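Structure assessment
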Amino acid sequence: MQNEANLTMLLNKIKVAVVEDNGLARANLRSHLLDMGFTEVNCFSNGRELRSKISIQKPDLLLMDFHLGQNKNGVEVVQELKRDSLIKHSTCIMFITSDRLPLIIGQIVDLHPDALVIKPYTINNLAKNIENSIGLHQYLMPIFELMDDDNYPQALVIVDLLLEQNDHPRKLSSLVKLKARILTKLERYSESAGLYRDILKGSDKIIWAKWGLIQNLFLDHRIEESQLLLHELTESQLTSDKACEWLARIC
C-alpha cells in the first residue's frame, strides 16, 4: 500500500508530453495515462507543435511515436531537441511504434531511450513499461542532474558509488551503460571502449554497445580497428545504413 501511495504521489508530479500524429491513438494514450494517475498530459501531433511549447511545459516524461506523418520522424525530433538543449538527460524518453523494421528499431535504440513499446500494446504492458522507466530514471536522477549541469566528473563519482552498492541486474546494466557514456564525454575513450567490450562479451548482439565501441575506438585514433568493426556491421540489415555513414565520415 505504501509503494502504491508513493507511486501515485510521483505520477501526480510528473508532466507528460505525448507526440502522436494519429488523433484517435493520441486521445486513447492520453486517456490511459490519466487512468494511471498522471494529472498533466499534453498532446502534440508533430515535433513542431512540441517544440513550440516544450520550453514552457518542460515535460518530465516524453512519449514519442516514430512515424509522424509528413513531418520529421520521432528520432529526428528528439535529436534536434537534444542538440538545442530543449531536452535534458533528466527527461525520461519512451518511444512507441508499430514499426518492426530492423533499421527503424536500430535508429530508436541508438538514442538510448528509457523504453521502447511496440504497438499494439496492452494497457498493462504500457503501464508496466512506464512505471519501470520512471522508477529507474528516478533512481538515476542525481547522475542525470549532474550531467545536465555538465558536471561529468562528479557524475562519474556517483555512478561508481552506485555500482559498488547495487546488485540489481537492470540497475547495474543501466549504470554501466551510463558510465561508458560519461567516460566518452570526459574523453577517456580507452576506458569507455573497455566497458563496451565487457558488455559485448556477454552478448555480441547488443547494437548500442557496438556503436559505443566503434565511436570510442575512432575517437581514440584507433581508426583501423573501428573500420574493421564497421565493415562487419555493413553486412547487417539492422546497422548497414549507419555503418556506411560512419565509414564515409572516417574516410
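Residues numbered from 1 in each chain as written. Predicted model: local features only at pLDDT ≥ 70, side-chain atom pairs only at ≥ 80, totals over all residues. Heavy atoms only, no water.

**Comments concerning the nonpolar core**
L140, I143, M147, L178, I182 and Y196 are the most contacted members of the largest nonpolar core, which totals 26 residues. For this core, the elements supplying multiple residues, two or more each, are α6 (123–148), α7 (152–165), α8 (169–185), α9 (189–202) and α10 (207–219). Here this core gets seven residues from one element, more than from any other, and that element is α6. Residues L11, I14, M94 and I130 belong to the second largest nonpolar core, which totals 20 residues. (Core = buried A, V, L, I, M, F, W, Y, C linked by side-chain atoms within 4.5 Å. Buried < 20%, exposed > 50% of the residue type's maximum accessible area, 1.4 Å probe, protein only. Helix = DSSP H or I, 4+ residues; strand = E, 2+ residues; numbered from the N terminus.)

**Quick word on the pattern of salt bridges**
The tally for this structure, following the rule as stated, stands at 11 salt bridges. As a salt-bridge pair, D65 and K119 come within 3.8 Å of each other at their nearest N and O atoms. With a gap of 54 residues between them, D65 in strand β3 (residues 61–65) and K119 in the loop between β5 (115–118) and α6 connect regions that are remote in the sequence. The exposure class assigned to D65 is buried, which follows from its relative accessible area of 6%. Residues joined by salt bridges that share partners form a network here, namely R197, D220, R222 and E225. (Salt bridge = Lys/Arg side-chain N within 4 Å of Asp/Glu carboxyl O.)

**Details of the side chain of K119**
In terms of polar contacts, K119 uses its side chain to reach the side chain of E20, at 2.8 Å. Excluding residues that lie within four positions of it along the chain, K119 makes contacts with E20, D65, I96, T97, S98 and R100. (Polar contact = N/O pair within 3.5 Å; in protein donor to acceptor, adjacent residues only side chain to side chain. Contact = heavy atoms within 4.5 Å.)

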